[in-house]
Amino acid sequence: MKFTPLKDTQMDITEKSNTARDKLIDDLKTVIKEAESLLKNSDLAGGDSFKNAKAKFESTLSTVKNELADWDDAIRTTTRDAADATDQYVRDHPWQSVGLGAAVGVICGLLISRR
């Protein structure tokens, strides 16, 4: 059985969550770009209702872009703060961290053995 240090495991989890978050944000940005392109290329000769709908859609799209940027910044900050706090706690209390990890392992083992 290979021993995996806690820091390596934490980094793997952090990297996976960052990758998933980045992919979601990239996908949303792609959708926004495609919607903007659609709006730019929609030179249909529509009436006032079409122009009003297009203006409302552009407004909503702009709002979503701003909220996405704010959400991205907030998530990055929160994730970074949580990782730093966890890292600092483990450095300050190594034996308590080991004990907590052992307790979680025992509980998981008991739950698995009950099946």
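The structure presented is a predicted model; accordingly, all values stated were derived computationally and were not measured.

Some thoughts on the nonpolar core
Among the nonpolar cores identified, the biggest contains 6 residues, and these are I25, I32, A35, L39, L61 and L68. Sorting the residues of this core by element identifies α1 (6-40) and α2 (48-92) as the ones contributing at least two each. In terms of residue count, the dominant contributor to this core is α1 (4 residues). In this view, I32 contacts L61, V64, K65 and L68; residues no more than four positions away in its chain are not counted.

Some words on a nonpolar patch on the surface
On the surface, L24, L28 and W71 cluster together into a nonpolar patch covering about 250 Å² of accessible area. For L24, the location among the structural elements is in helix α1. On the basis of relative accessibility, which here comes to 40%, the residue L24 falls in the partly exposed class.

Some thoughts on the side chain of S97
If you trace the backbone, S97 turns up in helix α3 (residues 94-113). Within the structure, S97 has its side chain in polar contact with the backbone oxygen of H93 (distance 2.9 Å). Here S97 is in contact with Y89 and V90, once residues within four sequence places are set aside.

Concerning the pattern of salt bridges
Tallied over the full model, the rule gives 2 salt bridges. We note a salt bridge from R91 to D87, for which the minimum N-O separation is 2.9 Å. In this pair, R91 and D87 both sit in helix α2, 4 residues apart, roughly one turn of the helix.

Calculation criteria
- Residues numbered from 1 in each chain as written.
- Predicted model: local features only at pLDDT ≥ 70, side-chain atom pairs only at ≥ 80, totals over all residues.
- Heavy atoms only, no water.
- Core = buried A, V, L, I, M, F, W, Y, C linked by side-chain atoms within 4.5 Å.
- Buried < 20%, exposed > 50% of the residue type's maximum accessible area, 1.4 Å probe, protein only.
- Helix = DSSP H or I, 4+ residues; strand = E, 2+ residues; numbered from the N terminus.
- Contact = heavy atoms within 4.5 Å.
- Patch = residues over 30% accessible without salt bridge, like charges linked within 9 Å, V, L, I, M, F, W, Y side chains within 5 Å.
- Areas by Shrake-Rupley, 256 points an atom, 1.4 Å probe, with all protein chains shown as cover.
- Salt bridge = Lys/Arg side-chain N within 4 Å of Asp/Glu carboxyl O.
- Polar contact = N/O pair within 3.5 Å; in protein donor to acceptor, adjacent residues only side chain to side chain.

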